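The lines below spell out each chain.
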Amino acid sequence: YVREHYEDRIVHLDSDTSWTVDVFKKNKPFYMNDVDNEPIADKKNEHFKKLGIKSILMMPLVKGNMKMGVIVIHGYSKLLNFSKKEIKKMSNYIRQIVVILDHAKTHEKINYENQRLDYMVANLESLERITSKINSSLELDEILDEIIKGFRELYGIEGISIFLKSETEEALECIKHDNA
């Protein structure tokens, strides 16, 4: 149920019922080590319980002053203990991820523009060489899979969702969700 819930999910930034939006807007991590016994009474917590989430950590994806999105780490079969020390370690890892995601998003934009230019000036050999070089690296899906693999290997994470700000900047879009 959770996989279907998050795939192709868009969270609008004007939502007042989403912890994901809160984390994005406030640019601060949010976590619950034990959702079922969380003292914070909030309708948003019911959403986690409905999805079968036992523990959750949400961290903003920020590069400089640019808010890029939110990464959401879930625990389903066991409680995860997100200590301040563990969150700080993950923050360092996430800073590196943000740079990679920024490069990948830039690559997507470049790839799109190159396709448009290629269509317009298909007869130019030099443009074809540039396009082939750009297309040979930084594929977003491969990068997202590696990010998920890295979190699993380093932190034993069961589930992960990566939300990025939409092109219109009106929503956060789940670009990748995966459960172990």
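The structure this text deals with has already been given above.
Just so you know, these numbers come straight off a predicted model, no measurement behind them.

Considering the arrangement of structural elements, one finds Asp102 in helix α4 (residues 84–120). On the accessibility criterion, Asp102 (16% relative accessible area) is buried. Among residues more than four places away in sequence, those in contact with Asp102 are Lys63, Met66 and Met68.

This next bit is on the environment of Ile10. Here Ile10 shows up in strand β1 (residues 10–12). Taking the C-alpha atoms as reference points, Ile10 and Leu172, separated by 162 residues in sequence, lie 5.7 Å from one another.

Our focus in this paragraph is the sheet that holds strand β2 (residues 30–32). Strand pairing in a sheet relies on backbone hydrogen bonds. The paired strands run either parallel or antiparallel. On the basis of which strands lie adjacent, the open sheet formed by 6 strands has the order β1-β6-β5-β4-β3-β2 and antiparallel pairing. Sheet topology places β1 and β2 at the edges, where each strand pairs with a single neighbour. Strand-to-strand twist in this sheet, taken as the mean axis angle between neighbours without regard to direction, amounts to 20°. Inspection of the sheet shows strand β4 (residues 66–75) paired to strand β5 (residues 159–165) by 6 bridges, in the antiparallel sense. When the bridges of β5 are listed, Ile73 appears paired with Ile160. Seen against the sheet, helix α2 (residues 19–26) touches β1, β2, β3 (55–63), β4, β5 and β6 (171–179) and runs at an angle of roughly 140° to β4. Lying on the sheet, helix α6 (residues 140–155) is in contact with β4, β5 and β6; it crosses β6 at an angle near 60°.

Scanning all chains against the criterion turns up 2 aromatic pairs. If you follow Lys67 out to its NZ or CZ, it ends over the ring of Phe24, 5.8 Å from the centre.

Here is the key point about a regular strand: its side chains alternate between the two faces of the sheet. The buried fraction of β4 amounts to 8 of the 10 residues, a majority that puts the element mostly inside the structure. One ladder, built from 9 bridges, connects β3 with β4; its direction is antiparallel. Along β4, the bridge assignment pairs Met58 with Val72. Linkage of β3 to β4, two consecutive antiparallel strands, is achieved through a turn of 2 residues, within which Gly64 is found at a positive phi near 65°.

Right, let's get into the pairing of β6. Strand direction decides the pairing type here: β1 and β6, joined by 3 bridges, are antiparallel. What sits directly across from His12, in β6, is Ala171. One ladder, built from 7 bridges, connects β5 with β6; its direction is antiparallel. What sits directly across from Lys165, in β6, is Leu172. Counting the residues that bridge the hairpin from β5 to β6 gives 5 residues, and of these Glu169 lies at a positive phi of roughly 60°.

Tallied over the full model, the rule gives 5 salt bridges. A salt bridge links Lys165 to Glu169, with the nearest nitrogen and oxygen atoms 4.0 Å apart. On the basis of relative accessible area, Lys165 is assigned to the partly exposed category, the value being 21%.

Glancing now at unusual backbone geometry. Its identity as a non-glycine residue notwithstanding, Asn27 has a phi of 60°, on the positive side. The topology assignment puts Asn27 in the loop between α2 and β2. Phi at Glu169 is positive, roughly 60°, even though this residue is not glycine.

Residues Glu108, Glu139, Asp141, Glu142, Glu146 and Glu153 make up a contiguous surface patch of negative charge. Among the elements that take part in the negative patch, α6 stands out by supplying 4 residues, more than any other. Looking at the element boundaries, Glu153 is found in helix α6. The class for Glu153 is exposed, based on a relative accessible area of 59%.

Reading the values: the criteria
Each chain has its residues counted from 1, following the order in which its sequence is written. It should be noted that, the model being predicted, local features are given only for residues of pLDDT at least 70 and side-chain atom pairs only at 80 or more, the latter also being counted only at that level, while totals for whole chains, interfaces and linings use all residues. In computing side-chain values, all of the structure's heavy atoms are included and hydrogens and water are not. What counts as a helix is a DSSP run of H or I of at least four residues, what counts as a strand is a run of E of at least two, and both are numbered from the N terminus. For the exposure calls, accessible area comes from a 1.4 Å probe over protein chains only, and a residue counts as buried if that area is under 20% of its type's maximum, exposed if over 50%, partly exposed in between. Throughout, a residue-residue contact means that at least one pair of heavy atoms, one from each residue, lies within 4.5 Å. Note on pairing: two strands pair once DSSP finds at least 2 bridges between them. Angular values range over 0 to 180 degrees, each being the angle between N-to-C directions of two axes fitted as lines to C-alpha atoms, with helices fitted over their stretch in contact. Working definition: rings of Phe, Tyr and Trp (its six-membered ring) pair if their centres are within 6.5 Å, and the pair is stacked with planes under 30 degrees apart, edge-to-face with planes over 60 apart, and tilted otherwise. Whether a charge lies above a ring is judged from NZ of Lys or CZ of Arg, which has to be within 6 Å of the ring centre and within 35 degrees of the ring normal. Salt bridge, as used here, is a side-chain nitrogen of Lys or Arg placed within 4 Å of a carboxyl oxygen of Asp or Glu. A residue counts toward a patch only above 30% relative accessible area and without a salt bridge, and it is joined to like-charged neighbours within 9 Å or, for Val, Leu, Ile, Met, Phe, Trp and Tyr, to nonpolar neighbours within 5 Å. In this description, accessible areas are obtained by the Shrake-Rupley approach with a 1.4 Å probe, and a residue is regarded as covered only by the protein chains that are shown. For the purpose of charge, His is not counted, nor are the chain termini; Lys and Arg are scored as positive and Asp and Glu as negative. Note on charges: their place is set at NZ of Lys, CZ of Arg, CG of Asp or CD of Glu.

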